[in-house]
Amino acid sequence: MSARPTAAHRGLRRFRAPAPPPPERCELCGTELVGRHRHLVDTRNRGLACACPPCALLFERPGAGAGQFRTVPDRCLTDPGHRLDEAIWDRLRIPVGVAFLLDNSALGRVVALYPSPAGATESELDPAAWQSVRDATRLAGLLAPDVEALLLHRDDGRTDCHLIPVDLAYELTGLLRLLWRGFDGGAEARAALADFFTEIARRAREPREEAHRP
């Protein structure tokens, strides 16, 4: 007959067994979140907040909460007819092949970010460079401040242009920071980047003529 575990043994088991992670909760009302959920941009503190469906719906209304929180939309758009060439890319002065352009309402200007081993790195964007982007793609005029990003991908002499929710931009940046190895990111990071653009291409649609800012 096996001996009954002592209190000391039971205590050791508590240390060995990992504690279950706490459930994700809406950062506004505290409701437990199940599965994928929406995000809000905190325009005052420049961060993302997880949101339940009612809170996300509430902050879709312009001016709700004095404008501090804005719900991130879920649309993905693409512009296969853009005119973003190598000369325009060079004006952006981005050292890697991926750039996110965001209209930052707190700063009152568009900023350029790109993924790096340190996370999202900001690059100064010359106003003339941004104007050249606006002239080359209709997506620039549809970009909603703070909550959407213009995603540019330069590879093998070709540039792809998409408009995506800003939380996807930060999700990719965080993933690449986690996977980055060596000078160029490594095979795992490149594979994650390829998977990301495959999913964006699957989701993205061309904007209708009546498309407008949300």
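Use the structure listed above.
These numbers were taken from a predicted model, which means no experiment stands behind them. (Residues numbered from 1 in each chain as written. Predicted model: local features only at pLDDT ≥ 70, side-chain atom pairs only at ≥ 80, totals over all residues. Heavy atoms only, no water.)

### Concerning the sheet that holds strand 1 (residues 38-42)
Which entries qualify depends on this criterion: The rule for pairing is simple: two strands pair if DSSP sees at least two bridges between them. Under the scheme used here, helices are H or I runs from DSSP no shorter than 4 residues and strands are E runs no shorter than 2 residues, and both carry numbers assigned from the N terminus. Fitted lines through C-alpha atoms serve as axes, helices being fitted only where they are in contact, and the angles separating the N-to-C directions of these axes extend from 0 to 180 degrees.
In spatial order, the strands read 2-1-3; together these three strands make up an open sheet with antiparallel pairing. With partners counted over all chains shown, the strands left at the sheet margins are strand 2 (47-51) and strand 3 (69-71), one partner each. In this sheet, neighbouring strand axes are inclined to one another by 35° on average, regardless of whether the strands run parallel or antiparallel. Here strand 1 runs beside strand 3; their pairing, made up of three bridges, is antiparallel. Pairing of valine 41 across the sheet is with arginine 70, part of strand 3.

### Let's talk about the environment of aspartate 135
The residue aspartate 135 is located in helix 4 (residues 127-136) in this model. Spatially, the C-alpha atoms of aspartate 135 and arginine 83 are 8.2 Å apart, while their sequence positions differ by 52 residues.

### Section: helix 6 (residues 186-203)
Basically, it comes down to this: Expected span of a helix, by definition, is 1.5 Å for each gap between consecutive residues, and there is one gap fewer than residues. In this scheme, a residue with accessible area under 20% of its type's maximum is buried, one over 50% is exposed, and one in between is partly exposed, where area comes from a 1.4 Å probe on protein chains only. The arc in question is the one traced by the directions running from the helix axis out to the C-beta atoms. For this analysis, residues touch if any pair of their heavy atoms sits within 4.5 Å.
Between its first and last C-alpha, helix 6 extends 26 Å over 18 residues, near the 26 Å set by a 1.5 Å rise per residue. All of the buried residues in helix 6 are Gly186, Ala189, Ala192, Leu193, Phe196, Phe197 and Ile200. Taken end-on, helix 6 shows its buried residues confined to a sector of 135°, consistent with a single buried face. Seen from the open side of helix 6, the exposed residues pointing more than 90 degrees away from its buried face are Ala187, Glu188, Asp195, Thr198 and Arg202. Tucked inside the fold, the buried residues of helix 6 contact strand 5 (98-104), strand 8 (148-155), strand 9 (158-165) and helix 5 (166-179).

### Quick word on the pattern of salt bridges
Put simply, the rule is: What makes a salt bridge here is a side-chain nitrogen of Lys or Arg within 4 Å of a carboxyl oxygen of Asp or Glu, nothing more.
By the definition in use, this model includes nine salt bridges. A salt bridge links arginine 158 to aspartate 160, with the nearest nitrogen and oxygen atoms 3.1 Å apart. With a relative accessible area of 57%, arginine 158 lands in the exposed category. The salt bridge involving arginine 202 is made with glutamate 199; its shortest N-O contact spans 2.6 Å. Separated by three residues within a single helix, arginine 202 and glutamate 199 lie in helix 6, roughly one turn from each other. By relative accessible area, arginine 202 is classed as exposed at 59%. For glutamate 199, a relative accessible area of 34% gives the class partly exposed. Within the structure, one salt-bridge network assembled from shared partners comprises Asp79, Arg138 and Glu206.

### Here's the deal with the nonpolar core
Short version of the rule: Within this scheme, the nonpolar core is defined by two criteria: the residues are buried Ala, Val, Leu, Ile, Met, Phe, Trp, Tyr or Cys, and they are joined through side-chain atoms within 4.5 Å.
The biggest cluster of nonpolar side chains holds 27 residues, and the ones touching the most others in it are Phe100, Leu102, Leu151, Ile164 and Phe196. Secondary-structure elements contributing two or more residues to this core are strand 5, strand 6 (109-116), strand 8, helix 5 and helix 6. Not counting the four nearest positions on each side in its chain, leucine 151 is found in contact with Val98, Ala99, Phe100, Asp160, Cys161, His162, Ile164, Phe196 and Phe197. Counting residues in hydrophobic clusters, the runner-up holds 24 residues, among them Val110, Val133, Leu142 and Cys161.

### Points about the pairing of strand 1
Counting buried residues in strand 1 gives four out of five residues, a clear majority hidden from the surface. One ladder, built from five bridges, connects strand 1 with strand 2; its direction is antiparallel. Considered in strand 2, the bridge of histidine 39 is made with cysteine 50. The antiparallel pairing of strand 1 with strand 2 creates a hairpin that spans four residues between the two strands, and arginine 46 there sits at a positive phi of about 55°.

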